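Observations on the three-dimensional arrangement
Residues per chain are reported as follows:
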Amino acid sequence: MNRPVIFLDYDGVLNTERYHAQLAIDGEPTKDAWGPLFDPRAVGNLRKILDATGAAIVISSSWRYAHRPGSLCKMWASRELPGEIIDTIPCGATYISCGEDIKCWLDKHGRHDYVIIDDLDDFSPAQHDRYVETNPIVGITEADAQKAIEILTSKA
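The structure displayed is predicted, hence computed values, not measured ones.

With that settled, consider the overall build of the protein. For the protein, the count of helices and strands is six helices and seven strands. Taken from the N to the C terminus, the helices and strands of the protein come in the order β-α-β-β-α-β-α-α-β-α-β-β-α. In summary, the protein has a C-alpha radius of gyration of 15 Å against a globular reference of 15 Å for 156 residues, a match within 12%. Based on the C-alpha atoms only, the size of the protein along its principal axes is roughly 45 × 35 × 25 Å. In the protein, buried positions account for 47% of the 156 residues. Sequence separation of 24 or more characterises 66% of the internal contacts of the protein that already satisfy a separation of 6 or more. Counting every atom, the protein has about 7,900 Å² of accessible surface; 52% of that belongs to carbon and sulfur.

Structure below.
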């Protein structure tokens, strides 16, 4: 596989405080059978990254502990979300850090162009040049999307 990879967190990235506050104010549901609903603005910005790079998605979200990979793919399709989930981390039995699990995944699957999109920094210094930190209030912004695109398309 030569496609770039997005290691994607959900909470604070697609599931935003702003969107859930607005849903609550409007008296709308904030979750479905899988969990909290995702912010359409953040999803739209994820779509921009996917459209510009052709990247595949590897779920690094803590949702991977509550849902099997097949269930996450089913949720993705049911919610009509963009892109293709190809895997989840971790690949080891012992959790050390999200960054360690990503390194394990990369070691197992070969080195790829990749970006990490998360609202919490749990990554090694060597991964920081491939990390886009989101604000959990608003999730992926247009600026975050542009930074991710630049990381995935740079020839460095």
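Structure's up, so let's keep going.
Our focus in this paragraph is the environment of Asp 118. On the secondary structure map, Asp 118 appears in strand β6 (residues 114-118). Between the alpha carbons of Asp 118 and Val 132 there is a distance of 6.6 Å; along the sequence they are 14 residues apart. Setting aside anything within four residues of it in sequence, one finds Asp 118 in contact with Asp 9, Val 13, Cys 98, Phe 123, Tyr 131, Val 132, Glu 133 and Thr 134. From its side chain, Asp 118 meets the backbone nitrogen of Leu 120 in a polar contact 3.0 Å long.

This part is about unusual backbone geometry. Non-glycine residue Glu 80 carries a positive phi angle of around 55°. Relative to the helices and strands, Glu 80 resides in the loop between α4 (69-78) and β5 (85-88).

What follows is about the sheet that holds strand β4 (residues 56-59). In space, the five strands of this open sheet follow the order β5-β4-β1-β6-β7, with parallel pairing throughout. One side of each edge strand has no neighbouring strand; the edge strands of this open sheet are β5 and β7 (131-133). Averaged over all adjacent pairs, the angle separating strand axes in this sheet is 25°, with direction ignored. Across four bridges, strand β1 (residues 5-8) lies against β4 in parallel orientation. Paired with Val 5 across the strands is Ala 56, a residue of β4.

Further remarks concern the layout of surface pockets. Roughly 200 Å³ of volume is contained in the largest pocket. Lining the largest pocket are 13 residues, with Asp 9, Ser 60, Ser 62, Asp 118 and Leu 120 positioned closest to its centre. Its residues assigned to classes, the lining of the largest pocket shows four nonpolar, three polar and six charged.

Okay, the side chain of Asn 45 next. Tracing the backbone through its elements, the reader meets Asn 45 in helix α2 (residues 40-53). Exposure remark for Asn 45: the relative accessible area of 7% places this residue in the buried category. If sequence neighbours within four positions are ignored, Asn 45 has contacts with Ile 140, Thr 141, Glu 142 and Ala 145.

Once that is clear, we can look at helix α5 (residues 98-109). In a regular helix each residue adds 1.5 Å, so twelve residues correspond to 16 Å; α5 covers 16 Å between its end C-alpha atoms and thus fits that length. Residues of α5 that are buried sit in contact with β1, β4, α3 (63-66), β5 and β6.

Looking now at the pairing of β4. A regular strand carries its side chains on alternate faces of the sheet. Of the two faces of β4, both are covered, the one formed by Ala 56 and Val 58 as well as the one formed by Ile 57 and Ile 59. Inspection of the sheet shows β4 paired to β5 by three bridges, in the parallel sense. Counted as the bridge partner of Val 58 is Asp 87 from β5.

One finds Ile 6, Leu 8, Tyr 10, Leu 14, Trp 76 and Ile 117 to be the most contacted residues of the largest nonpolar core, which totals 30 residues. Residue assignment for this core shows that the elements contributing at least two residues are β1, α2, β4, α4, β6 and α6 (142-153). Apart from residues lying up to four places away in sequence, Leu 14 is in contact with Leu 8, Phe 38, Asp 39, Ala 42, Val 43, Leu 46, Trp 76 and Ile 140. Counting residues in each nonpolar core, the second largest holds twelve residues, with Val 58, Cys 98, Ile 102 and Leu 106 among its members.

What counts, and at which threshold
Every chain is numbered on its own, with residues counted from 1 as its sequence reads. Thresholds applied to this predicted model are a pLDDT of at least 70 for local features of residues and 80 or more for the giving and counting of side-chain atom pairs; totals over whole chains, interfaces and linings are not thresholded and use all residues. Hydrogen atoms and water are omitted, and side-chain values are computed over all heavy atoms in the structure. In this text, helices come from DSSP runs of H or I with a minimum length of four residues, and strands from runs of E with a minimum of two, each type numbered from the N-terminal end. In this description the radius of gyration comes from C-alpha coordinates, and the expected globular size is given by 2.2 Å times residues to the power 0.38. Note on classification: 1.4 Å probe, protein chains only; a residue is buried when its accessible area is under 20% of the maximum for its type, exposed when over 50%, partly exposed between these limits. Note on contacts: a residue pair is in contact if any heavy atoms of the two residues lie within 4.5 Å. Where accessible areas are quoted, they stem from the Shrake-Rupley method and a 1.4 Å probe; at the residue level, only the protein chains shown are allowed to cover. Any pair of nitrogen or oxygen atoms within 3.5 Å is treated as a polar contact; in protein, a donor-acceptor pairing is required on top of that, and neighbouring residues in sequence qualify only through side-chain atoms on both sides. In this scheme, strands are said to pair when DSSP sees at least two bridges between them. Working convention: axes come from line fits to C-alpha atoms, limited for helices to the stretch in contact. Angles between N-to-C directions cover 0 to 180 degrees. Grid points spaced at 1 Å over the protein atoms alone were grouped into cavities, where a 1.4 Å probe fits but cannot get out, and pockets, open sets with protein on both sides within 12 Å along at least five of seven lines, with lining residues defined by an atom within 4 Å of a point. Grid points are joined across faces, edges and corners, and a volume is the space filled by probe spheres set on the points. Classification used: nonpolar for Ala, Val, Leu, Ile, Met, Phe, Trp, Tyr, Cys and Pro, charged for Asp, Glu, Lys and Arg, polar for all others including Gly. Multiply 1.5 Å by the residue count of a helix minus one, and that product is the helix's expected span. Only buried residues count toward a nonpolar core, which is a set of Ala, Val, Leu, Ile, Met, Phe, Trp, Tyr and Cys residues joined through side-chain atoms within 4.5 Å.

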